[in-house]
Amino acid sequence: MKKFMILIFSMALMASCGDNEKENLSKEFDELMTQNDSIAQVNSEFQSTHERMKQNHQDLMQQLDTMQVSDSTYYDQMAQNEVIIKKHEGLLAGHKEYMEGHRELKDNFGNLSSSEMKAQISKMKEVHQTMMDEHSSMRSEHEEMMNKHDEIRKNLIDSNSQEM
């Protein structure tokens, strides 16, 4: 009987530890969801910036197409920017899918086992880091594109004024 009582006590203790572990994992997940919301806000800002960059790119291409351009490197630079724009569109679409997946996971997170919770948390941390790294890369590429656009515009103005 004593062994049976010890076994029952041990099982109850393990169950309460498991509940405590799940509670801690749920808190960690909630913190990650707060981080996810912050990343979503940054991602939304990147989406707006991307749309402005895309429009700026299209406007400059139209300007180049209506002028006599003697320097073909402008078109090379614009083609390189086009590749970056397409890359950013793919990244932003992927980020949106990640964040939607995280929100969907929230509804069922409490029903997962501790090991499933740990796996999901680990993957979320990895995805968040990837997204933040990609945001940093996009920020640099946006600056580079803006500088190229400004340089092309300046050179077009200079060459136009010399022709007059």
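Residues numbered from 1 in each chain as written. Predicted model: local features only at pLDDT ≥ 70, side-chain atom pairs only at ≥ 80, totals over all residues. Heavy atoms only, no water.

> What should I look at first to understand the nonpolar core in this one?
It is characteristic of soluble globular proteins that their nonpolar side chains tend to be buried jointly. Leu25, Phe29, Leu32, Met33, Leu105, Phe109, Leu112, Met117, Ile121 and Met124 together form the largest nonpolar core, which totals 10 residues. Only helix 1 (2-66) and helix 3 (114-163) provide two or more residues apiece to this core. Top element by residues in this core is helix 1. It accounts for four residues. Those residues in contact with Leu112 that lie beyond four places of it in its chain are Lys22, Leu105, Met117 and Gln120. (Core = buried A, V, L, I, M, F, W, Y, C linked by side-chain atoms within 4.5 Å. Buried < 20%, exposed > 50% of the residue type's maximum accessible area, 1.4 Å probe, protein only. Helix = DSSP H or I, 4+ residues; strand = E, 2+ residues; numbered from the N terminus. Contact = heavy atoms within 4.5 Å.)

> I'm lost on the confidence of the model for the chain in this one. Help?
It should be kept in mind that the predicted coordinates are not to be read in detail where pLDDT is low. Of the residues in the chain, 85% reach a pLDDT of 70 or more, and the chain-wide mean stands at 85. The element-level mean pLDDT for the chain is lowest in helix 1, coming to 79, with helix 2 (residues 73-108) highest at 92. Low pLDDT (under 50) marks residues 4-17, which in the prediction has zero contacts with non-local residues, meaning those over four places away or in another chain. (pLDDT = per-residue confidence, 0-100.)

> Got a minute to help me understand the pattern of salt bridges in this structure?
Between side chains of opposite charge, a pair can form when the charged atoms approach closely. Inspection of the entire model under this criterion finds eight salt bridges. Between Lys118 and Glu21 there is a salt bridge, with its nearest N and O atoms 2.7 Å apart. Pair noted here: Lys118 is in helix 3 and Glu21 is in helix 1, with a separation of 97 residues, a long-range link. Under the relative-accessibility criterion, Lys118 is labelled partly exposed at 43%. On the basis of relative accessibility, which here comes to 29%, the residue Glu21 falls in the partly exposed class. Between Glu89 and Lys86 there is a salt bridge, with its nearest N and O atoms 3.9 Å apart. (Salt bridge = Lys/Arg side-chain N within 4 Å of Asp/Glu carboxyl O.)

> What is the right way to look at a negative patch on the surface in this model?
Side chains of Glu97, Glu100, Glu104 and Asp107 sit close together on the surface and give a patch of like negative charge. Looking at the secondary structure, you find Glu100 in helix 2. We classify Glu100 as partly exposed; its relative accessible area is 36%. (Patch = residues over 30% accessible without salt bridge, like charges linked within 9 Å, V, L, I, M, F, W, Y side chains within 5 Å. Areas by Shrake-Rupley, 256 points an atom, 1.4 Å probe, with all protein chains shown as cover. Lys, Arg positive; Asp, Glu negative; His and termini not counted. Charge placed at Lys NZ, Arg CZ, Asp CG, Glu CD.)

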